[in-house]
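This is what each chain is made of:
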Amino acid sequence: KHRPMPVVVVSSITPAGSKAALAALEAGAVDVIAKPTSAWSIGDLRDQLIHRVKGAALARFRTGPSAGAGGQKVETTPSIVFNPRQIIVLGASTGGTEALKSVLTQLPPGLPGICIVQHIPPFFSKAFAERMNEICAVEVREAVAGDEVRPGLVLIAPGDFHMMVIWNNGHYQVVLNQGPPQHHTRPAVDVLFNSVAACAGRYAVASLLTGMGSDGAQGMKKLKEAGATTLAQNEDTCVVYGMPRAAVELGVVDQVLPLERIPLALVRAAQARTSAVRAPAADDLD
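Structural notes, computed from the coordinates. Note on numbering: residues in each chain are counted from 1, in written sequence order. Predicted model: local features are reported for residues with pLDDT of at least 70 only, side-chain atom pairs are reported and counted for 80 or more only, and whole-chain, interface and lining totals are derived from all residues. For side-chain calculations, the full set of non-hydrogen atoms in the structure is used, while hydrogens and water are omitted.

What follows is about the packing of aromatic side chains. Stacked, edge-to-face and tilted are the three classes for Phe, Tyr and Trp ring pairs, Trp counted by its six-membered ring, which pair at centre distances within 6.5 Å; planes under 30 degrees apart are stacked, over 60 edge-to-face, the rest tilted. Applying the stated criterion to the full structure yields one aromatic pair. With a centroid separation of 4.7 Å and 70 degrees between ring planes, the pair formed by Trp167 and Tyr172 is classed as edge-to-face. Note on classification: 1.4 Å probe, protein chains only; a residue is buried when its accessible area is under 20% of the maximum for its type, exposed when over 50%, partly exposed between these limits. What makes Trp167 partly exposed here is its relative accessible area of 30%. Positioned over the ring face of Trp167 is Arg85, at 4.0 Å from the centre of the ring. Charges are assigned to positions over rings by a cutoff of 6 Å between ring centre and Lys NZ or Arg CZ, combined with an angular limit of 35 degrees from the ring normal.

This is how it looks when you write it as C-alpha cells:
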C-alpha cells in the first residue's frame, strides 16, 4: 500500500498456495501464474511468464476506493420472469478477479444464468469460485462438463479448459474441451462468446472487463451481429484497457461504462430483453 507496483505472483497449485495467491490479488497483485508441477515442465512457464509480465507492465493503479470495492446491491423488479433462453456472459483477464468481485457482489439472485471466462490457472479458478460463492448473493462455482446454466447460478470456466455453451433439451449446457490455446490462454473468452452467439443470439447479454490483448472482441462481434446486448468496461476503471478497447474499436459495444455501473447495466439489459423493449441507453442508468 506504500508503494504500488505491478506484481505477478508465481504460486504452487496447493490449497495454501491458492489461498495466498487470491489474497495477493485482493491486495493488488496484477496476475497469478501456476508454478510448474515438475522440473520437466519448467520450460512451459517461459512464454506464459513473458505474456503476463508484459500485461503487468501496462497495469494502472486506481486511487481512492479499490477497484474491487462493490457498491450497493442492484435489485430486480419482482414481477419480471426471465425467458429461459436468456443468458449473461462475462470475460476478463488482467485485473479481472477484483473486477468480477465488484460486479458479482452487487448482482441479485434470480437473474438468468451467468457464464464467466477469467484468464486464470487450474486450481486457482476453483479457489476463486469458492471465494466468490462465500461473499455473493448468487451461487458461484467452477463449471464442470454437462452443467445446466440455470437462473441464479454463476459458472466460472475451469483453468486450462475452454468453456462453451449449447442449447440442449430446453436449457443451456456447459461443454468443456482442451483445444489449442487462443490468445495465449485456455480458457479463452472468444470460445465462450462464439458459442453463445450461435445458440442464444438476441437473448444474450455480454460484457468485457479489464484485460490485456484482444480476447473476446471477435466473439463480441458475433454476439452483436446475432442481436445480443454488449457492454464493456471503460478505460478509467480498467487495470489494463486491452480487451474492452479491442471490442470498442471494432464498433460492437452498445455501452462503455465504469466498472461500478456494469452490474446495474447487466440487470437492466436482461430486463429489457424479457420485456421486449430497447436496451437502456447509458444515460438511462442514472
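Right, picking up where we left off after that structure.
This part covers unusual backbone geometry. What is expected of a backbone is that most residues other than glycine have negative phi and most peptide bonds are trans. Cis geometry marks the peptide bond from Arg186 to Pro187, where omega comes out at 15 degrees. Only DSSP runs of H or I reaching four residues or more are called helices, and only runs of E reaching two or more are called strands; each is numbered from the N terminus. In this structure, Pro187 sits in the loop between β9 (171–177) and α5 (189–199). We note that Asp160 has phi near 75 degrees; this positive angle belongs to a residue other than glycine. Residue placement: Asp160 occurs in the loop between β7 (153–156) and β8 (162–168). The exposure class assigned to Asp160 is partly exposed, which follows from its relative accessible area of 27%.

Glancing now at the side chain of Gln173. Locating Gln173 in the fold gives a position in strand β9. Polar contact is defined as a pair of N or O atoms within 3.5 Å, subject to the rule that within protein one atom must be able to donate a hydrogen and the other to accept it, and that residues adjacent in sequence are counted only when both atoms are side-chain atoms. One polar contact links Gln173 to Asn168, side chain to side chain, over a distance of 2.7 Å. Here Gln173 is in contact with Gly146, Asp147, Met164, Val165, Ile166 and Asn168, once residues within four sequence places are set aside. Contacts: residue pairs with any heavy atoms within 4.5 Å of one another.

Further remarks concern the pairing of strand β1 (residues 8–11). Here β1 shows a clear split, with Val9 and Ser11 buried on one side and none of Val8 and Val10 buried on the other. Strand pairing requires that DSSP identify at least two bridges connecting the strands. Bridge count for β1 against strand β2 (residues 31–34) is four bridges, and the pairing is parallel. What sits directly across from Ser11, in β2, is Ala34. Crossovers are described as right-handed under a simple rule: with the strands pointing away from the observer, the path leading from the first strand over the helix to the second runs clockwise. The handedness of the β1 to β2 crossover, carried by helix α1 (residues 15–27), is right-handed.

With 42 residues, the main nonpolar core has Leu90, Val103, Ile116, Val140, Leu209 and Leu266 as its most contacted residues. Counting only elements with at least two residues in this core, the list comes to α1, β2, β3 (87–92), α3 (96–104), β4 (114–118), α4 (124–135), β7 and α8 (262–275). With six residues, the single largest contributor to this core is α8. Contacts of Ile116, omitting those with residues within four sequence positions, involve Leu90, Leu100, Leu104, Val154, Leu155, Ile156, Ala157, Met163 and Leu192. Here, nonpolar core refers to any group of buried Ala, Val, Leu, Ile, Met, Phe, Trp, Tyr and Cys residues whose side-chain atoms link them within 4.5 Å. With 33 residues, the next largest nonpolar core counts Cys115, Val117, Ala206 and Ala246 among its residues.

Another aspect to go through is the side chain of Ser18. Checked against the element boundaries, Ser18 lands in helix α1. In this structure Ser18 comes out as buried when scored by relative accessible area, which is 1%. If we ignore the near neighbours within four places in the chain, the residues touching Ser18 are Ser11, Ser12, Phe123, Phe124 and Ala127.

Helical geometry note: an α-helix holds 3.6 residues per turn, so side chains three or four residues apart project in the same direction. Compared with the 18 Å implied by 1.5 Å per residue over 13 residues, the 18 Å span of helix α2 (residues 45–57) between its first and last C-alpha is a close match. Restricting attention to buried positions, one finds in α2 the residues Leu45, His51, Arg52, Gly55 and Ala56. Along the long axis of α2, the arc covered by the buried residues comes to 140 degrees, so they all point the same way. The exposed set on the far side of α2, more than 90 degrees from its buried face, consists of Arg46, Asp47, Lys54 and Ala57. In this fold, the buried residues of α2 make contact with β1 and β2. Each residue after the first adds 1.5 Å to the expected span of a helix. What the arc describes is the spread of directions from the helix axis to the C-beta atoms.

Our focus in this paragraph is the sheet that holds β8. Pairing is antiparallel in the open sheet, where three strands are placed in the order β6-β9-β8. Edge positions in the sheet fall to β6 (148–149) and β8, since each of these pairs with one other strand and no more. Bridge analysis of β8 against β9 gives seven bridges, and the strand direction is antiparallel. Within the sheet, the bridge partner assigned to Met163 lies in β9 and is Leu176. Running at roughly 10 degrees to β8, α5 makes contact with β8 and β9 of the sheet. Orientation is described by lines fitted to C-alpha atoms, with helices fitted over the stretch in contact, and by angles between N-to-C directions that extend from 0 to 180 degrees.

Right, let's get into the pairing of β9. Bridge count between β6 and β9: two bridges; the pairing is antiparallel. The partner of Val149 across the bridge, within β9, is Tyr172. If you look at the hairpin formed by β8 and β9, you'll find two residues sitting between the two strands, and Asn169 has a positive phi there, around 55 degrees.

By themselves, these are just geometric observations and shouldn't be taken as functional.
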